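Read off the chains here:
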Amino acid sequence: MTNQTQIATLASPAARPPVGMTPVLTRRQKAAIVVQFILNEGAEVALTTLPDDLQATLTQQLGDMHYVHTDTLNEVLTEFADELGGVGLSFPKGIAGALSALDGKISAQTAQRLRKEAGVRQAGDPWARIARLSADELRRMLEAESTEVAAVALSKIDVTRAAEVLCKLPGAQARLIAYAVSQTGAVTPDAVDRIGLSLASQLDNKPERAFNAAPENRVGAILNVSPSLTRDDVLSGLDETDSVFAQAVRKAIFTFSDIPTRIAALDVPRILRDADGDAMVTALAFAATIGQDEARDHMLENLGKRMSEQIREQIEERGTPKRKDGEAAMNTVVAGILSLVEAGEITLVQPDEEE
């Protein structure tokens, strides 16, 4: 009996292989049997990770097969299980898989060069990467793109984020993009994928930076803990050199005097809970001597009555601190507040959010 006859016999509805004869199946047929068995059991099979030609071949093979006898099924599943059990170590498939496995383990420059040389894209859905960008990052990206590309991008990301990005775009551009969304009905999935890859490639082409924080944030962090005279002198100098940068630094700065406008009333008890008690009392006592009564009152008036009275008594007992001690105490309080902000415990109110 030929191999073809054996396969035909195996595939026939009521066929059972003759005693002592093992059906000859190709690896494609065995793969089709395993996949169909898994599907019948209700499990998910991630076939999308296979190359397109293998997905097509497997689909065709599934369509060509009819019935398989129980004995044959058991033999194929046993062979499959044995092969899985014999795998001691598996490696990522291709350069794309290797780059994904080594993400964060090799330098960004090396990964980018290898990806470019091999002609492979960043692993994963490009739109998932794009959706993780902040609204400002998306705005900057879309401002440099055509209206049609921007319309596709807004259609692919979360509607809440899309609305946020649209609000940040110039009015005329936002209106053009909103209209262009109505013209995207005929866009093909392949075109959307190409647009996503093109936008995501811009993320890969960004040079690695030595500093994560923006320049204004770095200067602001330094001035946060600098003496007030030094801070005022530096800001005055920046006003003369670069007024735009000086304004950005002012927005990044948080000092004791900013407490009334940038600390929510509900966050005051949380700040007091972790604050250095002596530093807080000294800072509040010193605030009144340099005209920062609002900051002192904001802290005291948003505490429970008993706690507020206790701190007021401690302030009276403390007396008037020396300037050096007072500024050091204020810097300690500010540093504690910024630590809570960094930890996500509280959020500073931004100047343009006050309304």
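Nothing here was measured: the structure is a model prediction, and the numbers come from that model. (Residues numbered from 1 in each chain as written. Predicted model: local features only at pLDDT ≥ 70, side-chain atom pairs only at ≥ 80, totals over all residues. Heavy atoms only, no water.)

Draft legend 1. Broad picture of the pattern of salt bridges. Scanning the model with the defined rule gives 13 salt bridges in all. Between Arg139 and Asp136 there is a salt bridge, with its nearest N and O atoms 4.0 Å apart. Linking Arg139 with Asp136, this pair stays in helix α8 (residues 135–143), spanning three residues, or about one helical turn. For Arg139, a relative accessible area of 19% translates into the label buried. (Salt bridge = Lys/Arg side-chain N within 4 Å of Asp/Glu carboxyl O. Helix = DSSP H or I, 4+ residues; strand = E, 2+ residues; numbered from the N terminus. Buried < 20%, exposed > 50% of the residue type's maximum accessible area, 1.4 Å probe, protein only.)

Draft legend 2. Molecular detail of the side chain of Gln292. Tracing the chain through its elements places Gln292 in the loop between α18 (277–289) and α19 (293–301). Leave out the neighbours within four places in its chain, and Gln292 touches Phe256, Ser257, Ala287 and Met330. (Contact = heavy atoms within 4.5 Å.)

Draft legend 3. A look at the packing of helix α9 (residues 147–156) against helix α11 (residues 171–181). Closest axis-to-axis distance for the α9/α11 pair is 8 Å, and the angle between their directions is 70 degrees. Judged by the angle between their axes, α9 and α11 are roughly perpendicular. As α9 runs across α11, the sense of the crossing is right-handed. Between α9, through Thr147, Ala150, Ala151, Leu154 and Ser155, and α11, the contact on the second element is made entirely by Leu176, Ile177, Ala180 and Val181. (Axes fitted to C-alpha atoms, helices over the stretch in contact; angles between N-to-C directions. Parallel < 35°, antiparallel > 145°, perpendicular 65-115°, else oblique. Left-handed = near helix turned anticlockwise from the far one by under 90°.)

Draft legend 4. Quick look at the nonpolar core. Ranked by size, the top nonpolar core spans 29 residues in total, and within it Phe256, Ile259, Ile263, Ile271, Leu284, Met299 and Ile337 carry the most contacts. Within the residue set of this core, elements represented by two or more residues are α17 (268–274), α18, α19, α20 (305–318) and α21 (323–342). Top element by residues in this core is α18. It accounts for eight residues. With 24 residues, the next largest nonpolar core counts Ala135, Met141, Ile177 and Ala180 among its residues. (Core = buried A, V, L, I, M, F, W, Y, C linked by side-chain atoms within 4.5 Å.)

Draft legend 5. Representation of a negative patch on the surface in the model. On the surface, a cluster of negative charge is made up of Glu309, Glu313, Glu316 and Glu317. By secondary structure assignment, the location of Glu313 is in helix α20. For Glu313, a relative accessible area of 49% corresponds to the partly exposed category. (Patch = residues over 30% accessible without salt bridge, like charges linked within 9 Å, V, L, I, M, F, W, Y side chains within 5 Å. Areas by Shrake-Rupley, 256 points an atom, 1.4 Å probe, with all protein chains shown as cover. Lys, Arg positive; Asp, Glu negative; His and termini not counted. Charge placed at Lys NZ, Arg CZ, Asp CG, Glu CD.)

Draft legend 6. Here's a closer look at helix α2 (residues 27–40). Over its 14 residues, α2 extends 20 Å from the first C-alpha to the last, a length consistent with the 20 Å expected when each residue adds 1.5 Å. Those residues of α2 that fall on the buried side of the exposure criterion are Gln29, Ala32, Ile33, Val34 and Val35. Just downstream of α2, Gly42 is the residue with a positive phi angle, here 85 degrees. (Expected span 1.5 Å × (residues − 1).)

Draft legend 7. Quick peek at the confidence of the model for the protein chain. A residue-level look at the protein chain finds 85% of positions with pLDDT of 70 or above and a mean pLDDT of 82. Taken together, the stretch residues 1–16 has pLDDT below 50 and engages in 24 contacts with residues farther than four places along the chain or on a different chain. (pLDDT = per-residue confidence, 0-100.)

Draft legend 8. Geometry of the packing of α18 against α21. The contact between α18 and α21 brings their axes to 8 Å, and the two run at 120 degrees. Here α18 lies oblique to α21, going by the angle between them. By crossing handedness, the relation of α18 to α21 is classed as left-handed. Packed against α18, whose contacting residues are Ala279, Met280, Thr282, Ala283, Phe286 and Ala287, the element α21 presents Arg323, Asp325, Gly326, Glu327, Ala329, Met330, Thr332 and Val333 at the interface. Looking at the contact of α18 with α21 residue by residue, the class counts come to eight nonpolar, three polar and three charged. (Nonpolar A, V, L, I, M, F, W, Y, C, P; charged D, E, K, R; others polar.)

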